[in-house]
Amino acid sequence: MAKFVIHGRKPLKGEIEVSGAKNAALKIFPLALLTRGTIRVSNVPEIEDVSRSREMLTALNYEVKKIKKGIFEINPPTGGQKKFELPSNLVNKFRASIMFVGPMLASRGKVSFPHPGGCVIGAGTRPIDLFLDSFHKMGAKINAASNYYRLTAKKLKAADIFFSKISVTATESLMMTACFAQGETTLKNCALEPEIVSLAEFLNSCGAKIQGAGTATIKIKGIKKLRGGEYKIIPDRIEAGTFAMLAAASNSGPVLIKNCVPEHLEALWNLFDKIGVNYVLNKNSVKIGRSKKLLSCDVSTHEYPGFATDLQSPYTVLMTQTHGSSLIHETIYDRRLLFTDSLTQMGANIIMADPHRVVVNGPSKLHGRKLVSPDLRAGVALIIAALLAQGKTEIDNIYQIDRGYERLDERLRGLGADIKRLA
Ligand code: UD1
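All figures in this text were calculated on a predicted structure; none of them were measured in a lab.

Q: Help me understand the packing of aromatic side chains in this model?
A: Here the structure, examined in full by the defined rule, presents six aromatic pairs. For the ring pair phenylalanine 113 and tyrosine 149, a centre distance of 5.2 Å and an interplane angle of 25° mean the geometry is stacked. Here phenylalanine 113 is found in strand 6 (residues 110-114), whereas its partner tyrosine 149 is found in strand 8 (residues 148-152), with 36 residues between them in sequence. Accessibility expressed as a relative area gives 1% for phenylalanine 113, which makes it buried. Geometrically, the ring pair formed by phenylalanine 307 and tyrosine 315 is edge-to-face, given 5.4 Å between the ring centres and 65° between the ring planes. Here the aromatic cluster, defined as three or more aromatic residues joined through ring pairs, consists of Trp269, Phe272 and Tyr279. Here the basic side chain of lysine 110 rests over the ring of phenylalanine 84, its NZ or CZ set 4.8 Å away from the ring centre.

Next comes the structure, spelled out in structure tokens:
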């Protein structure tokens, strides 16, 4: 199994470029099921989850052509048998495979699939009830047995849907699916993430009638067909925030984080002000300089525009380097703090109050260890910890990191990091 070998405590400075957003890219491939004509998509991060998404479309007889790095053209099938089943081997590999279900149902009238895989960060398997309940409300028949689902709907009808929990993918999935429902659908208690706004803008440019994306209530008028078009993936705010916290924690900059949208990370900059990080925001970049004394600060994860759960793990590592105590409250997932056990093994002073809360007492000197990446975001946090630690760290199971970060080792080496990939 491939692993990273990292020798820590090297000064990190220079420039690093942010990739296109994973959480935007993963929606464009399922969206293609709804459009007639070609979709040309650029700034696509070449990460494992995107490869799985492309394979999913190919398995459904679509042509996904790489034009050049980061640019793909998606063409609808020109023949072949219409398929109604999502391949289990792919669905098992990533949670965002759930995004194919609504568009399949809306465009083909039926779809079958197993329970989606992905990061193990919630209790048991991550639920899909918000999706199933909403499809049911739109008139779909749902047959579920032994973790396998069969959904059918001759014609979807518009519905008033209130999400009992705020979910990014459920909001996006229903926004897409409702494009082909008869009448006007209203979605309430929607997620507000910038990736949702970007998706709605693209859908509207293809002929959809969506209003309110980026607010808690979204209205979608059913239409007959959608055209293809051109879509540029927005920069990955999670990656930008992760690099910013790495630069702040290593405190050896300056580090310039390029090709990002600082406006998407206001919750992080607000914390940086309290911690005392020396940073400058530009229109499309952020510069992290050296800071005098870094102070600890409590945080609670929250849906956008609050502090993203996907940034919680690098923030926890940053708090091991700051002066004082910080309470980290992970409100969204109940397994996302378990990785802190690895930080404790590296020398961090962390007390777990319960599965949702840890107290980090800093600063601590970290030392290298042999570790296993438990999931995507925790994996990247362990890389940051390893870059700060004295000595050698080996991180196994890096497929989890490659799922969401493109050539991370290569880009970090550009800052002066000593990180090698062993096949
Ligand atoms: C998206 C992001 C992910 C991020 C998360 C929260 C993508 C591909 N992924 O995931 O990186 O960590 O938002 O910002 O965009 N829930 C239910 N029932 C459901 C669906 C979700 O109860 O049917 C709950 C979950 O247990 C969790 C919350 O809703 O408590 C949000 O989770 P989830 O919807 O899984 O996040 P995603 O939208 O998949």
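Q: Help me out: how do you make sense of the sheet that holds strand 20 (residues 357-362) in this one?
A: Sheet strands line up and pair through hydrogen bonds in the backbone, either parallel or antiparallel. If you walk across this open sheet you meet the four strands as 17-18-20-19, and the pairing is mixed. At either end of the open sheet lies a strand with only one pairing partner, and these are strand 17 (299-300) and strand 19 (349-354). Inspection of the sheet shows strand 19 paired to strand 20 by five bridges, in the antiparallel sense. From the neighbouring strand, isoleucine 350 faces strand 20, where its bridge partner is valine 360.

Q: What should I look at first to understand the packing of helix 6 (residues 168-177) against helix 7 (residues 194-205) in this one?
A: The description of two packed helices rests on the angle between their axes and on the distance between the axes. The N-to-C vectors of helix 6 and helix 7 enclose an angle of 10°; their axes lie 10 Å apart at closest approach. Between helix 6 and helix 7, the crossing angle belongs to the class labelled roughly parallel. Here Val168, Thr171, Glu172, Met175 and Met176 of helix 6 come into contact with helix 7, specifically with Glu195, Ile196, Leu199, Ala200 and Leu203. By residue class, the composition of the contact of helix 6 with helix 7 is seven nonpolar, one polar and two charged.

Rules behind the numbers
- Counting starts from 1 at the beginning of each chain's written sequence and moves along it residue by residue.
- Since the coordinates come from a predicted model, pLDDT governs what is reported: local features require at least 70, and pairs of side-chain atoms require 80 or more to be given and counted, while whole-chain, interface and lining totals use all residues.
- Neither water nor hydrogens contribute to the side-chain values; these are computed over all heavy atoms in the structure.
- Aromatic contacts are taken between Phe, Tyr and Trp rings whose centres are within 6.5 Å, Trp giving its six-membered ring; a plane angle under 30 degrees counts as stacked, one over 60 as edge-to-face, and the others as tilted.
- The helix count covers DSSP runs of H or I at least four residues long, the strand count covers runs of E at least two residues long, and both are numbered beginning at the N terminus.
- For every residue, the accessible area (1.4 Å probe, protein chains only) is compared with the maximum for its type, and the residue is labelled buried under 20%, exposed over 50%, or partly exposed between those bounds.
- Ring-over charges, as used throughout, are those where CZ of Arg or NZ of Lys falls within 6 Å of the ring centre and within 35 degrees of the ring normal.
- Strands qualify as paired when DSSP identifies two bridges or more between them.
- Fitted lines through C-alpha atoms serve as axes, helices being fitted only where they are in contact, and the angles separating the N-to-C directions of these axes extend from 0 to 180 degrees.
- Each angle is binned into one of four classes, with values under 35 degrees roughly parallel, values over 145 roughly antiparallel, values of 65 to 115 roughly perpendicular, and all other values oblique.
- It only takes one pair of heavy atoms within 4.5 Å for two residues to be counted as in contact.
- In the scheme used here, Gly and all other residues not listed as nonpolar or charged are polar, with Ala, Val, Leu, Ile, Met, Phe, Trp, Tyr, Cys and Pro taken as nonpolar and Asp, Glu, Lys and Arg as charged.

Nothing here speaks to function; it is geometry throughout.
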